Amino acid sequence: MNPTITIRPGPVPPYEQIRAQVEILINGGLLGPGHRLPPIRQLAADLGLAPGTVARAYQELEAAGLVTTRRAAGTVVAARTSDVATDRRGPLAQAANGFTTTALMLGADLDEALAAVRTAWPSH
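Parameters and conventions
- Residues numbered from 1 in each chain as written.
- Predicted model: local features only at pLDDT ≥ 70, side-chain atom pairs only at ≥ 80, totals over all residues.
- Heavy atoms only, no water.
- Pairing = 2+ DSSP bridges.
- Helix = DSSP H or I, 4+ residues; strand = E, 2+ residues; numbered from the N terminus.
- Phe/Tyr/Trp six-rings, centres within 6.5 Å; stacked < 30°, edge-to-face > 60°.
- Lys NZ or Arg CZ within 6 Å of the ring centre and 35° of its normal.
- Axes fitted to C-alpha atoms, helices over the stretch in contact; angles between N-to-C directions.
- Parallel < 35°, antiparallel > 145°, perpendicular 65-115°, else oblique.
- Left-handed = near helix turned anticlockwise from the far one by under 90°.
- Contact = heavy atoms within 4.5 Å.
- Nonpolar A, V, L, I, M, F, W, Y, C, P; charged D, E, K, R; others polar.
- Patch = residues over 30% accessible without salt bridge, like charges linked within 9 Å, V, L, I, M, F, W, Y side chains within 5 Å.
- Areas by Shrake-Rupley, 256 points an atom, 1.4 Å probe, with all protein chains shown as cover.
- Salt bridge = Lys/Arg side-chain N within 4 Å of Asp/Glu carboxyl O.
- Buried < 20%, exposed > 50% of the residue type's maximum accessible area, 1.4 Å probe, protein only.

A.B. asks: For the pairing of strand E1 (residues 67–70), give the residues involved together with the corresponding values.
C.D. replies: Inspection of the sheet shows E1 paired to strand E2 (residues 74–77) by four bridges, in the antiparallel sense. Note that in E2 the partner of Thr68 across the bridge is Val76. Counting the residues that bridge the hairpin from E1 to E2 gives three residues.

A.B. asks: Describe the packing of aromatic side chains, listing the residues and the values that go with them.
C.D. replies: On inspection of all chains with the given rule, the structure shows zero aromatic pairs. The cationic tip of Arg56 hangs over the ring face of Tyr15; the distance from NZ or CZ to the ring centre is 3.7 Å.

A.B. asks: Pulling in residues and values, what's your account of the packing of helix H1 (residues 14–27) against helix H3 (residues 51–63)?
C.D. replies: Packed helix pairs are characterised by how far apart their axes lie and by the angle those axes make with each other. H3 packs onto H1 with a crossing angle of 45 degrees between their chain directions and a minimal axis gap of 8 Å. With respect to H3, the element H1 is oriented oblique. Crossing handedness for the pair H1 and H3: right-handed. Side by side, H1 and H3 meet where Pro14, Tyr15, Glu16, Ile18, Arg19, Val22 and Glu23 of the first sit next to Thr53, Val54, Arg56, Ala57, Glu60 and Leu61 of the second. Here the contact of H1 with H3 is built from residues that sort into seven nonpolar, one polar and five charged.

A.B. asks: Give me the lowdown on a nonpolar patch on the surface, citing residues and values where you can.
C.D. replies: There is a patch of nonpolar side chains on the surface, built from Phe99, Val117 and Trp121 and spanning about 320 Å² of accessible area. The residue Trp121 is located in the segment after helix H6 (110–120) in this model.

A.B. asks: How would you explain the pattern of salt bridges if you had to name every residue and give the values?
C.D. replies: The final tally for this structure, using the stated rule, is three salt bridges. Glu23 is the partner of Arg19 in a salt bridge, and the nearest nitrogen-oxygen pair spans 2.0 Å. Of this pair, Arg19 and Glu23 both sit in helix H1, four residues apart, which is roughly one turn of the helix. A relative accessible area of 9% places Arg19 in the buried class. We note a salt bridge from Glu60 to Arg56, for which the minimum N-O separation is 3.4 Å. Taken as a pair, Glu60 and Arg56 lie in helix H3 at a separation of four residues, close to a single helical turn. Note on Glu60: relative accessible area 28%, which makes it partly exposed. Owing to a relative accessible area of 39%, Arg56 belongs among the partly exposed residues under this scheme.

Here it is, written out as C-alpha coordinates:
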(Lines give C-alpha, C1' and ligand atoms only; values in the text may rest on other atoms or scores of the structure.)
Protein backbone atom coordinates (compact mmCIF):
# COMPACT_ATOMS: atom_id res chain seq x y z
CA MET A 1 0.00 0.00 0.00
CA ASN A 2 1.56 3.31 -1.03
CA PRO A 3 -0.34 5.64 1.36
CA THR A 4 0.84 5.44 4.94
CA ILE A 5 -1.33 4.19 7.78
CA THR A 6 -0.52 5.81 11.11
CA ILE A 7 -1.63 4.85 14.60
CA ARG A 8 -1.99 7.49 17.26
CA PRO A 9 -2.44 6.86 20.98
CA GLY A 10 -5.82 7.85 22.31
CA PRO A 11 -9.38 6.68 22.75
CA VAL A 12 -9.77 5.19 19.24
CA PRO A 13 -8.62 1.55 19.15
CA PRO A 14 -5.83 0.77 16.66
CA TYR A 15 -7.99 -1.60 14.59
CA GLU A 16 -10.57 1.20 14.14
CA GLN A 17 -7.85 3.66 13.11
CA ILE A 18 -6.63 1.20 10.46
CA ARG A 19 -10.18 0.49 9.25
CA ALA A 20 -11.09 4.17 9.03
CA GLN A 21 -7.89 5.18 7.23
CA VAL A 22 -8.15 2.38 4.66
CA GLU A 23 -11.84 3.22 4.15
CA ILE A 24 -10.96 6.86 3.50
CA LEU A 25 -8.24 5.82 1.03
CA ILE A 26 -10.69 3.57 -0.82
CA ASN A 27 -13.57 6.04 -0.85
CA GLY A 28 -11.21 8.85 -1.85
CA GLY A 29 -10.04 6.86 -4.85
CA LEU A 30 -6.43 6.51 -3.67
CA LEU A 31 -6.86 2.72 -3.50
CA GLY A 32 -8.81 1.42 -6.48
CA PRO A 33 -10.53 -1.90 -7.12
CA GLY A 34 -8.03 -4.74 -7.21
CA HIS A 35 -5.37 -2.87 -5.20
CA ARG A 36 -3.71 -5.36 -2.88
CA LEU A 37 -3.42 -4.43 0.79
CA PRO A 38 -0.30 -5.49 2.68
CA PRO A 39 -0.43 -8.95 4.28
CA ILE A 40 -1.70 -8.86 7.86
CA ARG A 41 1.62 -9.86 9.40
CA GLN A 42 3.55 -7.29 7.36
CA LEU A 43 1.25 -4.39 8.26
CA ALA A 44 1.19 -5.48 11.90
CA ALA A 45 5.01 -5.51 12.00
CA ASP A 46 5.20 -2.14 10.21
CA LEU A 47 2.82 -0.58 12.76
CA GLY A 48 4.14 -2.42 15.81
CA LEU A 49 0.80 -4.10 16.44
CA ALA A 50 -0.43 -7.64 17.01
CA PRO A 51 -1.54 -9.42 13.83
CA GLY A 52 -4.99 -9.89 15.38
CA THR A 53 -5.45 -6.12 15.47
CA VAL A 54 -4.83 -5.78 11.73
CA ALA A 55 -6.92 -8.90 11.05
CA ARG A 56 -9.88 -7.32 12.85
CA ALA A 57 -9.57 -4.14 10.76
CA TYR A 58 -9.46 -6.20 7.56
CA GLN A 59 -12.48 -8.26 8.71
CA GLU A 60 -14.49 -5.10 9.32
CA LEU A 61 -13.50 -3.72 5.92
CA GLU A 62 -14.60 -6.99 4.34
CA ALA A 63 -17.91 -6.95 6.24
CA ALA A 64 -18.49 -3.44 4.85
CA GLY A 65 -17.88 -4.73 1.33
CA LEU A 66 -14.79 -2.58 0.81
CA VAL A 67 -12.29 -5.43 0.45
CA THR A 68 -12.28 -9.12 -0.33
CA THR A 69 -9.88 -11.71 1.01
CA ARG A 70 -8.79 -14.82 -0.85
CA ARG A 71 -6.21 -17.26 0.38
CA ALA A 72 -3.88 -17.02 -2.63
CA ALA A 73 -4.58 -13.40 -3.64
CA GLY A 74 -4.59 -11.82 -0.18
CA THR A 75 -6.80 -8.84 0.67
CA VAL A 76 -7.74 -6.59 -2.24
CA VAL A 77 -9.99 -3.58 -2.67
CA ALA A 78 -13.39 -4.78 -3.86
CA ALA A 79 -15.11 -3.56 -6.99
CA ARG A 80 -17.88 -1.12 -6.14
CA THR A 81 -21.41 -1.94 -7.14
CA SER A 82 -23.51 0.63 -8.95
CA ASP A 83 -26.13 0.84 -6.19
CA VAL A 84 -23.48 2.15 -3.78
CA ALA A 85 -22.85 5.10 -6.11
CA THR A 86 -26.55 5.98 -6.40
CA ASP A 87 -27.39 5.76 -2.67
CA ARG A 88 -25.70 8.65 -0.89
CA ARG A 89 -26.54 7.42 2.61
CA GLY A 90 -23.73 4.83 2.51
CA PRO A 91 -20.99 7.23 1.41
CA LEU A 92 -22.22 9.89 3.86
CA ALA A 93 -22.12 7.39 6.71
CA GLN A 94 -18.63 6.30 5.68
CA ALA A 95 -17.42 9.89 5.49
CA ALA A 96 -18.99 10.62 8.87
CA ASN A 97 -17.24 7.60 10.38
CA GLY A 98 -13.91 8.77 9.00
CA PHE A 99 -14.45 12.31 10.24
CA THR A 100 -15.52 11.04 13.67
CA THR A 101 -12.43 8.87 13.95
CA THR A 102 -10.20 11.81 13.01
CA ALA A 103 -11.97 14.12 15.45
CA LEU A 104 -11.60 11.59 18.27
CA MET A 105 -7.92 11.03 17.46
CA LEU A 106 -7.43 14.80 17.74
CA GLY A 107 -9.21 14.81 21.09
CA ALA A 108 -12.20 16.84 19.90
CA ASP A 109 -15.57 16.52 21.58
CA LEU A 110 -18.93 16.42 19.79
CA ASP A 111 -19.48 20.19 20.02
CA GLU A 112 -16.07 20.90 18.47
CA ALA A 113 -16.67 18.36 15.69
CA LEU A 114 -20.09 19.80 14.86
CA ALA A 115 -18.65 23.33 14.89
CA ALA A 116 -16.03 22.22 12.36
CA VAL A 117 -18.75 20.83 10.08
CA ARG A 118 -20.80 24.03 10.41
CA THR A 119 -17.75 26.13 9.55
CA ALA A 120 -16.95 24.00 6.50
CA TRP A 121 -20.57 23.90 5.27
CA PRO A 122 -21.24 26.36 2.43
CA SER A 123 -23.59 29.18 3.41
CA HIS A 124 -25.50 29.33 0.11
